[in-house]
Each structure stands twice: as C-alpha cells, then as structure tokens.
Amino acid sequence: QVQLVESGGGSVQAGDSLRLSCAASGDRFNGYTMGWFRQAPGKEREFVGLIFWNSQDTYYADSVKGRFMVTRNYFENTVYLQMNDLKAEDTAVYYCAARRGVGYVVQGAQYDFWGQGTQVFVSS
C-alpha cells in the first residue's frame, strides 16, 4: 500500500529556489531507495537524484549536482528535493519514486512505486 504524493511545484523565475515534497505512506521504507525523476515535454524521463532511506546517502545526475539536494525526514515520512539556481531547462514534471532495495539505480523502470508528479515551470 505504498503511496507517494508530490507537492510544492509551481512557476518560478530562473535563479530562484523551490522545494518539492514527497509524502510517503504505507511502509517504514527501511531498505528502500527513494528517487526523483523528471520529464519535460518532448523528452524522455530522466533521473534527478536519489536517497537511501536508512543511511541517507545520496546520488545526483550531473545536470543538477551542486544545485539540487535530496533529503528525507524520518519522522514525517517525507522526501524532499531542494532545487536551487533553477534554470529554464529544469522545467518538467517532477516525480517521486520508491524502489525496494538499496542501490544507485537511475533507471525509472526499476522503481516499484511512483507518485503522480508535480509541475515545475522555470521562466527567464
């Protein structure tokens, strides 16, 4: 009964910051990998970043490294994507995903659960 619900998307200007939230329920998520993906119009879904639920170790795509940060709140069962210095090319629908198992997995097809996404639009 794992459920993921994203929130926090919206329209911002280039250079602004935005924090997305992923409310996770249905499990304690020990041993899970929590990932963030995004999909822009006309593009394939791409990996953004991930975090291991238990250890909080993280991994990021090169395109967002240094600008984005994935965190999680154990007591709130929430995963966050902090996005700084947003660029127009960051415009996309952002999805939270969960995978049973700990690993640096960047292929969305290998994740078991998905949220419905939240839209981020960055204008210049």
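Residues numbered from 1 in each chain as written. Predicted model: local features only at pLDDT ≥ 70, side-chain atom pairs only at ≥ 80, totals over all residues. Heavy atoms only, no water.

Colleague: Report on the side chain of Arg-67, specifying residues and quantitative values.
Modeller: Position of Arg-67 among the secondary structure elements: in the loop between β6 (58-60) and β7 (68-73). Using a relative accessible area of 10% as the deciding quantity, one classes Arg-67 as buried. From its side chain, Arg-67 meets the backbone oxygen of Asp-85 in a polar contact 3.0 Å long. Here the side chain of Arg-67 touches Asp-90 through a polar contact of 2.8 Å, side chain to side chain. (Helix = DSSP H or I, 4+ residues; strand = E, 2+ residues; numbered from the N terminus. Buried < 20%, exposed > 50% of the residue type's maximum accessible area, 1.4 Å probe, protein only. Polar contact = N/O pair within 3.5 Å; in protein donor to acceptor, adjacent residues only side chain to side chain.)

Colleague: An account of the sheet that holds strand β8 (residues 78-83) is needed here, citing residue identities and associated values.
Modeller: What the four strands build is an open sheet, ordered β1-β3-β8-β7; its pairing is antiparallel. The open sheet has two edge strands, β1 (3-7) and β7, and neither has a second partner. Pairwise comparison of adjacent strand axes, ignoring direction, gives a mean angle of 20° for this sheet. Where β7 and β8 come together, six bridges link them in antiparallel fashion. Its bridge partner being in β8, Arg-72 is matched across the sheet by Val-79. (Pairing = 2+ DSSP bridges. Axes fitted to C-alpha atoms, helices over the stretch in contact; angles between N-to-C directions.)

Colleague: Report on the nonpolar core, specifying residues and quantitative values.
Modeller: Core analysis: the biggest nonpolar cluster contains 38 residues, and Leu-4, Met-34, Trp-36, Leu-81, Met-83 and Tyr-94 have the highest contact counts within it. For this core, the elements supplying multiple residues, two or more each, are β3 (18-25), β4 (32-39), β5 (46-52), β7, β8, β9 (92-100) and β11 (118-123). Beyond its immediate stretch of four places on either side in the chain, Met-34 contacts Leu-4, Ala-24, Phe-29, Gly-49, Leu-50, Ile-51, Trp-53, Val-79, Ala-97 and Ala-98. (Core = buried A, V, L, I, M, F, W, Y, C linked by side-chain atoms within 4.5 Å. Contact = heavy atoms within 4.5 Å.)

Colleague: Please set out the packing of aromatic side chains residue by residue, giving values where relevant.
Modeller: According to the stated counting rule, one finds twelve aromatic pairs in the structure shown. Judged by centre distance (5.1 Å) and plane angle (80°), the ring pair of Phe-37 and Tyr-111 falls under edge-to-face. Separated by 74 residues along the polypeptide, Phe-37 in strand β4 and Tyr-111 in the loop between β9 and β10 (113-114) bring together distant segments of the chain. Relative accessible area serves as the criterion here: at 1%, Phe-37 is assigned to the buried category. On the numbers, 6.4 Å between centres and 75° between planes, the contact of Tyr-95 with Trp-114 is edge-to-face. Residue Tyr-95 is found in strand β9, and its partner Trp-114 is found in strand β10; the two are separated by 19 residues along the sequence. By relative accessible area, Trp-114 is classed as partly exposed at 27%. By the ring-pair criterion, three or more aromatic residues cluster together here, those being Phe-37, Phe-47, Phe-52, Tyr-59, Tyr-95, Tyr-104, Tyr-111 and Trp-114. The aromatic ring of Trp-53 is capped on one face by Arg-72, whose charged end is 5.0 Å from the ring centroid. (Phe/Tyr/Trp six-rings, centres within 6.5 Å; stacked < 30°, edge-to-face > 60°. Lys NZ or Arg CZ within 6 Å of the ring centre and 35° of its normal.)

Colleague: Pulling in residues and values, what's your account of the pattern of salt bridges?
Modeller: In the structure shown here, the tally under the stated rule is six salt bridges. Where Lys-87 meets Asp-85, a salt bridge forms, and the shortest distance between an N and an O atom there is 3.7 Å. For Lys-87, a relative accessible area of 31% gives the class partly exposed. Residue Asp-85 is classed as partly exposed on the basis of its relative accessible area of 39%. One network of salt bridges, in which partners are shared, links Arg-38, Glu-46, Arg-67 and Asp-90. (Salt bridge = Lys/Arg side-chain N within 4 Å of Asp/Glu carboxyl O.)

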